[in-house]
Amino acid sequence: MKAIIPTGGRGTRMQPLTFSTNKHFIPVANKPLIFYPIESVVEADIKDILITYNPGWLDVVKSYLGDGSKWGAKFTYVLQEKPIGLANVVQVCEEKLNGDSFVYHLGDNIFTKGIKEVTDYFRKNKPNGMVTMVHHPENSRLGVPYFSKTNRLIKYVEKPKNSPHDFAVPGLYFGDHNVFKCFTGKNKIVPSARGEYEIPSVFQWLIDNKYRVDVIEYKGKWLDPGKFNDWIESNRYLLDEYLVDDMGSKIDRSTKIIGRVSVGKNCKIRNSEIKGPVSISDNVEISDSYIGPYSSISSGCVIEKSHLEDSVLMENVRIINVKQPINESMIGNEAEVYDLEDPTHWIKLFIGEKSKVRV
């Protein structure tokens, strides 16, 4: 069995960060987003992983992921020439799958309890296709599975007006070699009105052509940090649930640590207060500052005489002399934020890399 994990897409909901950064490599709880799918797939004992990419991105993707050896896996990179839908991601992987069954794990979804249980079900029961489902209070804005009492998928509807339940389909799908029949022949699937090959069309084709498609509930927490507010919420959840105390650097005695805080190597932290959960990566400098709960600070950042909480900082961000609390913010690589006058109100930021903000 193999896995497919895509790194493509336009990332429009995360602009301006994604004007120059692939969203799959933006950190969540101080880890690139795509690392979570890779870890889940490997924990499910799948080590042969196809990574799809769009033109012009291969070198960038490889620079982050390498050959897979970091995870004890083997990566094969597959070009998706045009971003024309999630189903097309599967289609371009047919040759490299070489007839094997597969799990298709979206690169921007996080399944916090791993995917081993649902993967084992697929291996044991061997349906031709399988979709997962989760309870979701707003399932009418997502794909919704209609299924029988025996958990056979009857139909898969995108954004239905009147759903019979509160289940929605997240970004985790399974299939065998029969899936690829939907792309050929007289009754092959066709692009939707928006010009993309949609993933529900694949499973509806299997159902219509009498193949077995199962549906199974995923019982862990599903995170979909596809836009700003969801990213902040995902960062909070992961820090809250999974952050472990880890002091990789010696902290100055003038600094007060409260709660769970993880600090990387070669950090310089003095005369500050850090209240967890907070994750601080390597080579970070913090002085005369307050770092509040749910902050993720990537490597190379410098924070001086400032107040930060509930925010995600990417690499090499500089925040200098900003006394107004920075809260619920995402700040891109190499951005600079510094204050010229006395503080008055909260600041809420969502800025791309190499930005310069004067407040």
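Residues numbered from 1 in each chain as written. Predicted model: local features only at pLDDT ≥ 70, side-chain atom pairs only at ≥ 80, totals over all residues. Heavy atoms only, no water.

Another point: the overall build of the protein chain. Helices and strands together make up the secondary structure of the protein chain, namely seven helices and 32 strands. Since a compact globule built from 359 residues should have a radius of gyration of about 21 Å, the 22 Å found for the protein chain is in line with a globular shape. Considering only residue pairs separated by 6 or more positions, the protein chain has 49% of its internal contacts joining residues 24 or more positions apart. Element-wise, carbon and sulfur atoms account for 46% of the exposed surface of the protein chain, whose accessible area totals about 16,700 Å². Within the protein chain, one finds 47 positive and 45 negative side-chain charges whose respective centroids are separated by 5 Å. (Helix = DSSP H or I, 4+ residues; strand = E, 2+ residues; numbered from the N terminus. Rg over C-alpha atoms; globule rule 2.2 N^0.38 Å. Contact = heavy atoms within 4.5 Å. Areas by Shrake-Rupley, 256 points an atom, 1.4 Å probe, with all protein chains shown as cover. Lys, Arg positive; Asp, Glu negative; His and termini not counted. Charge placed at Lys NZ, Arg CZ, Asp CG, Glu CD.)

Turning next to the layout of surface pockets. Estimates place the volume of the second largest pocket at around 540 Å³. Around the second largest pocket sit 27 residues that line it, and Ala29, Asn30, Lys31, Tyr36 and Tyr242 are the ones nearest its centre. The set of elements that each furnish at least two residues to the lining of the second largest pocket consists of helix 1 (35-43), strand 7 (110-111), helix 7 (228-242), strand 17 (261-263) and strand 20 (278-280). The biggest single contributor to the lining of the second largest pocket is helix 1, with four residues. Its residues assigned to classes, the lining of the second largest pocket shows 11 nonpolar, nine polar and seven charged. (1 Å grid on protein atoms, 1.4 Å probe; cavity = no way out; pocket = protein on both sides within 12 Å on 5 of 7 lines; lining within 4 Å. Points joined across faces, edges and corners; volume = space filled by probe spheres on them. Nonpolar A, V, L, I, M, F, W, Y, C, P; charged D, E, K, R; others polar.)

Whether parallel or antiparallel, the strands of a sheet pair through hydrogen bonds between backbone atoms. Read from one edge of the open sheet, five strands run 16-19-22-25-28, paired in parallel fashion. Strand pairing shows two members of the sheet lacking a second neighbour, strand 16 (256-258) and strand 28 (326-327), which therefore form its edges. In terms of strand pairing, strand 16 meets strand 19 (residues 273-275) through three bridges, oriented parallel. Within strand 19, the residue paired with Lys256 across the bridge is Glu273. (Pairing = 2+ DSSP bridges.)

What follows covers empty space enclosed by the protein. Sizing a probe to match a water molecule and rolling it over the atoms shows the empty space that remains. Under the criterion given, the structure shown has one cavity of 30 Å³ or more. The calculated volume of the largest cavity comes to roughly 30 Å³. Considering the residues around the largest cavity, the lining is formed by Val90, Phe102, Tyr104, Tyr173, Phe174, Val179, Ile199, Val202 and Phe203. Listing elements by their share of the lining of the largest cavity, those giving two or more residues are strand 6 (102-105), strand 12 (172-175) and helix 6 (199-208). Here the lining of the largest cavity is composed, by residue class, of nine nonpolar, no polar and no charged.

Right, let's get into the packing of aromatic side chains. In this structure the tally under the stated criterion is 13 aromatic pairs. Taken together, the ring pairs in this structure connect Phe35, Trp71, Phe75 and Tyr77 into an aromatic cluster. The positively charged end of Lys155 is found above the aromatic ring belonging to Tyr146, 4.7 Å away from the centroid. Here the basic side chain of Lys221 rests over the ring of Tyr237, its NZ or CZ set 5.5 Å away from the ring centre. (Phe/Tyr/Trp six-rings, centres within 6.5 Å; stacked < 30°, edge-to-face > 60°. Lys NZ or Arg CZ within 6 Å of the ring centre and 35° of its normal.)

With respect to the element layout, Ser295 can be found in strand 23 (residues 295-297). Here Ser295 falls in the buried class, since its relative accessible area comes to 0%. Among the polar contacts made by the side chain of Ser295, one reaches the main-chain amide nitrogen of Asp310 at a distance of 3.4 Å. For Ser295, the residues in contact, after removing those within four places along its chain, are Leu239, Pro277, Val278, Ser279, Leu308, Glu309, Asp310 and Ser311. (Buried < 20%, exposed > 50% of the residue type's maximum accessible area, 1.4 Å probe, protein only. Polar contact = N/O pair within 3.5 Å; in protein donor to acceptor, adjacent residues only side chain to side chain.)

Our focus in this paragraph is the pattern of salt bridges. Scanning the model with the defined rule gives 16 salt bridges in all. For Asp100, the salt bridge identified is with Lys2, shortest N-O distance 2.2 Å. Taken as a pair, Asp100 in the loop between helix 4 (94-97) and strand 6 and Lys2 in strand 1 (residues 2-6) lie far apart in primary sequence, 98 residues in all. Looking at Lys2, the relative accessible area reads 10%, which means it is buried. Two residues, Lys47 and Asp45, come together in a salt bridge whose shortest N-O distance is 4.0 Å. Linked through salt bridges whose partners overlap, the residues forming this network are Glu233, Arg236, Asp310 and Glu328. (Salt bridge = Lys/Arg side-chain N within 4 Å of Asp/Glu carboxyl O.)

This paragraph deals with the nonpolar core. Ile38, Ile49, Ile51, Leu65, Phe75, Ile115 and Val118 are the most contacted members of the largest nonpolar core, which totals 33 residues. Counting residues per element, the ones that place at least two in this core are strand 1, helix 1, strand 4 (48-53), helix 2 (58-65), strand 5 (74-79), helix 5 (116-125), strand 8 (129-135) and strand 12. Residue contributions to this core peak at four residues, all from helix 1. Residues within four places of Ile49 in sequence aside, it is in contact with Ala3, Ile5, Val41, Val42, Ala73, Lys74, Phe75 and Thr76. Formed by 31 residues, the second largest nonpolar core is a distinct cluster that contains Val78, Tyr104, Val169 and Ile207. (Core = buried A, V, L, I, M, F, W, Y, C linked by side-chain atoms within 4.5 Å.)

With respect to the helices, strands and loops of the structure, Gly259 is situated in the loop between strand 16 and strand 17. Between the alpha carbons of Gly259 and Asp245 there is a distance of 8.5 Å; along the sequence they are 14 residues apart. When sequence neighbours within four positions are dropped, the list of residues in contact with Gly259 reads Asp245 and Gly276.

Just geometry here; none of it tells us what the structure is for.
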